[in-house]
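# Residue-level structure breakdown
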Amino acid sequence: MQPDDNVDNITRIARSFVGARRDGHALPDYPGDMPAELDDAYAVQDAALALTEGKVAGWKVGRINPPIGAVDRLAGPIFIDQVVIADGSPIAMPVFADGFAAAEAEFLLRIGIAPDPAKHHYTIDDARALIDAVHVGIEIASSPFPGINDHGAPVTISDFGNNNGLIVGAAVEGWRDIDLDTWPVETWIEGERAGAATTATMLDGPFGAARFLFDLMAARGIALEAGQWISTGAVTGVHPVRIGDRVEARFDDRLTVECTIKAR
C-alpha cells in the first residue's frame, strides 16, 4: 500500500467507525483494509479521536495474547458520556445489538497526579505513585463491527479499543496496603458464573497496566489528566452478553457491581 493510500484507508476506517457509533448502526464488514501493525491501528484511533467531540474520561487497557513483538497490552479511550457511577440504582448499559458486545470485571484506577508528558518510561512504583483511588467496576466492550475481536489487536485498537462504557463501582478502601492479586474476582451472567480469576494471572497486574498506559500515552503525545480513569483489564475474561442479560461482578465477596444490557 502506498503512503497516500494508507492515509486514505486510515481516514476511511476512522470515519466509518465514528459514524456508526454516532448513529448506532452496525458495520457487518470491516470498513477498509485491516491494520496489521500497532502504529497503523493507533493512527486510526487518533484520526477517530480527532473526529469526535466527546471528552475522554479515561482509558481502557486490554491484553494482547500472544504479544506483538514485545507489546502485550493495548489501549482505547473511554468517553465521559459513557461513564456511569454506581449508586445502588438499576443501571442499563447500551451495546450494539448487531455488533459485538461483552462485559468485563475490572479494577479501575483513578489518576490523582497527571503524568509528566516529558517522562517516557515508568516503573510500576512510578505509576502507583500517580494513582489516588482504586475502585471495582465493569467495562462494557462493544463495537459496531461484530468481528472486532476475531482479527487481532490492531483491529481492536482501531475502534477505540472496543470500549463502549464503564461502570465505576465502590472504592477499595485501604488499597495501598492490600495485595489486589489475592482478591478472587467472579463474573456472573444471568445467574450463571461465567468466569473466575485473580489479577495474579494478568501480566504485572493493575498497576502494570497503568505503567503501560503512561508509557504509551507519552509516546503518542497524548496528555493524561488528573481524575481520568484507567480500566486495567478483564480479570475473569471477556464475556459475550446479549440484550437483556443481567451482569454481576463480585470482588473478594465483599464488593459487587451490577448492570443489565440494553440495545443502543
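Scroll up to find the structure.
Please read these numbers as outputs of a predicted model, since none were measured by experiment.

Reading guide: rules and limits
- Residues numbered from 1 in each chain as written.
- Predicted model: local features only at pLDDT ≥ 70, side-chain atom pairs only at ≥ 80, totals over all residues.
- Heavy atoms only, no water.
- Buried < 20%, exposed > 50% of the residue type's maximum accessible area, 1.4 Å probe, protein only.
- Helix = DSSP H or I, 4+ residues; strand = E, 2+ residues; numbered from the N terminus.
- Pairing = 2+ DSSP bridges.
- Expected span 1.5 Å × (residues − 1).
- Phe/Tyr/Trp six-rings, centres within 6.5 Å; stacked < 30°, edge-to-face > 60°.
- Lys NZ or Arg CZ within 6 Å of the ring centre and 35° of its normal.
- Axes fitted to C-alpha atoms, helices over the stretch in contact; angles between N-to-C directions.

Here the focus is the pairing of strand S7 (residues 163-171). By the criterion of burial, S7 is predominantly enclosed, with seven of the nine residues buried. In this structure, strand S3 (residues 83-85) lies alongside S7, joined through three bridges in parallel fashion. Among the inter-strand pairings, Val-84 is bridged to a residue of S7, identified as Ile-167. Of the pairings in the sheet, the one linking strand S6 (residues 131-143) to S7 comprises five bridges and is antiparallel in character. The residue bridging Glu-139 from the neighbouring strand is Leu-166, located in S7.

A rise of 1.5 Å per residue sets the reference length of helix H5 (residues 205-220), with its 16 residues, at 22 Å; its end C-alpha atoms lie 23 Å apart and thus fit the reference within 8%. A positive backbone phi angle near 75° is found at Gly-221, which sits one or two residues after H5.

Okay, the packing of aromatic side chains next. Throughout the structure, instances matching the rule amount to seven aromatic pairs. Arranged with centres 5.2 Å apart and planes meeting at 75°, the rings of Phe-79 and Phe-160 form a pair that is edge-to-face. Within this pair, whereas Phe-79 is found in strand S2 (residues 71-79), its partner Phe-160 is found in the loop between helix H4 (153-158) and S7, the two being separated by 81 residues in sequence. Just as Phe-79 is buried, Phe-160 falls in that class too. Taken together through their ring pairs, the aromatic side chains of Phe-17, Tyr-30 and Phe-145 make up a single cluster. A cation sits over an aromatic face here: Lys-119 above Tyr-122, 5.0 Å from the ring centre. Over the ring of Phe-207 we find Arg-128; its NZ or CZ atom is 4.4 Å from the centre of that ring.

This part covers the sheet that holds strand S8 (residues 185-189). Sheets are built from strands that pair by backbone hydrogen bonding, the pairs being arranged parallel or antiparallel. Spatial ordering of the open sheet is given by S4-S13-S12-S8-S9, a layout of five strands whose pairing is mixed. Of all the strands in the sheet, the pair left with one neighbour each is strand S4 (92-95) and strand S9 (192-197). On average, each strand axis in the sheet is inclined to that of its neighbour by 25°, with strand direction left out of account. Here strand S12 (residues 246-251) runs beside strand S13 (residues 255-263); their pairing, made up of six bridges, is antiparallel. Bridge pairing links Phe-251 to Leu-255 in S13.

Before going further, it helps to spend a moment on the environment of Ala-223. Among the structural elements, Ala-223 can be located in the loop between H5 and strand S10 (229-231). Separated by 129 residues in sequence, Ala-223 and Pro-94 have C-alpha atoms that sit 28 Å apart.

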